[in-house]
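Structural characterization, general
Here is what each chain is made of, one letter per residue.
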Amino acid sequence: MDWTNRFLKVAFVAAFAAAMTACSVSYKFNGASIDYTKTKTIQIADFPIRSSYVWGPMAPLFNNQLKDQFANHTRLEQVKRNGDLKIEGEITRYEQRNKSVSAEGYSAMTELSMTVNVRFTNNANHTEDFERQFTATQSYESTQSLNSVQEELVTQMVKDICDQIFNATVANW
């Protein structure tokens, strides 16, 4: 009886170990669904500002964030030309407008918005190519000056738009 219990324990441990080494589970927490056997490089062009209203640091902030997004969440090598994936476009709108009115009839909230036009090319699968606009908005109290909140709000909008672009291009969401 003692020998049988030992045998069953050893058999169970061996079966468990075999099952653990035979199976592998892979989770991707960044949402990217890239076939790295076909897609190895990405070309991300700098996005110029084509908006009539501009804030100087907006283009470098956007361009750096977009490149960092792909560098940090994929294994794609960023190249200057002939990438398997290609992202290009321009910042087309940057504007503010009154969002709500106070009881006294004055603007209570102002909404700041940013729109980016993106052209995406997947040289491994051209059915995924697109040209699309991505927009993000942030609101602030009209008692605040735009200069005092602009950097924080633009940073948030840039992050939001870069997330949208990432999801549309490599996450297939």
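Residues numbered from 1 in each chain as written. Predicted model: local features only at pLDDT ≥ 70, side-chain atom pairs only at ≥ 80, totals over all residues. Heavy atoms only, no water.

1. Thoughts on the pattern of salt bridges
Rules: Note on definitions: salt bridges are taken to be side-chain nitrogens of Lys or Arg within 4 Å of carboxyl oxygens of Asp or Glu. Secondary structure is summarised from DSSP: a helix means a run of H or I of at least four residues, a strand means a run of E of at least two, and numbering begins at the N terminus for each. For each residue, the accessible area found with a 1.4 Å probe, counting protein chains only, is set against the maximum for its type, and the residue is called buried under 20%, exposed over 50%, and partly exposed in between.
Scanning all chains against the criterion turns up eight salt bridges. Across the pair E111 and R97 runs a salt bridge whose closest N-O atoms are separated by 2.7 Å. Taken together, the residues E111 in strand β4 (residues 107–122) and R97 in strand β3 (residues 85–101) connect sequence positions 14 residues apart. The class for R97 is partly exposed, based on a relative accessible area of 47%. Its salt-bridge partner being E131, residue R119 comes within 3.8 Å of it at the nearest N-O pair. Here R119 is found in strand β4, whereas its partner E131 is found in strand β5 (residues 130–141), with 12 residues between them in sequence. Its relative accessible area of 26% is what places R119 among the partly exposed residues. In this structure, a network of salt bridges that share partners links the residues E90, R119 and E131.

2. A look at the packing of aromatic side chains
Here is the rule: In this analysis, rings of Phe, Tyr and Trp, with Trp reduced to its six-membered ring, are considered paired at centre separations within 6.5 Å, and the interplanar angle assigns stacked below 30 degrees, edge-to-face beyond 60, and tilted for intermediate values.
On inspection of all chains with the given rule, the structure shows five aromatic pairs. Judged by centre distance (5.4 Å) and plane angle (35°), the rings of F120 and F130 are tilted. Residue F120 is located in strand β4, and its partner F130 is located in strand β5; the two are separated by 10 residues in the primary sequence. With relative accessibility at 2%, the residue F120 sits in the buried group. We classify F130 as buried; its relative accessible area is 14%. Ring centres 6.4 Å apart and planes at 65° place the aromatic pair F130 and F134 in the edge-to-face group. Across the pair, exposure class does not vary: F130 and F134 are buried alike.

3. Quick word on the sheet that holds β4
Convention followed: Pairing between strands requires that DSSP locate at least two bridges from one strand to the other. When checking whether two residues touch, look at their non-hydrogen atoms; a contact exists if any pair is within 4.5 Å. Every axis in this analysis is a line fitted to C-alpha atoms, fitted for helices over the stretch in contact. Angles between the N-to-C directions lie between 0 and 180 degrees.
Strand order across the open sheet formed by five strands is β2-β1-β3-β4-β5, with mixed pairing between neighbours. The outermost strands of the open sheet, each flanked by one partner alone, are β2 (77–78) and β5. Both β3 and β4 contribute to a ladder of 15 bridges, which runs antiparallel. What sits directly across from E90, in β4, is N117. On top of the sheet, helix α2 (residues 58–73) reaches β1 (41–44), β2, β3 and β4; it is set at about 125° to β3, its chief contact. Along the sheet, helix α3 (residues 146–171) makes contact with β3, β4 and β5, crossing β5 at roughly 150°.

4. Things to note about the environment of P48
With respect to the helices and strands, P48 occurs in the loop between β1 and α2. Look at P48 and you get partly exposed, because its relative accessible area is 27%. If we ignore the near neighbours within four places in the chain, the residues touching P48 are G89, E90 and I91.

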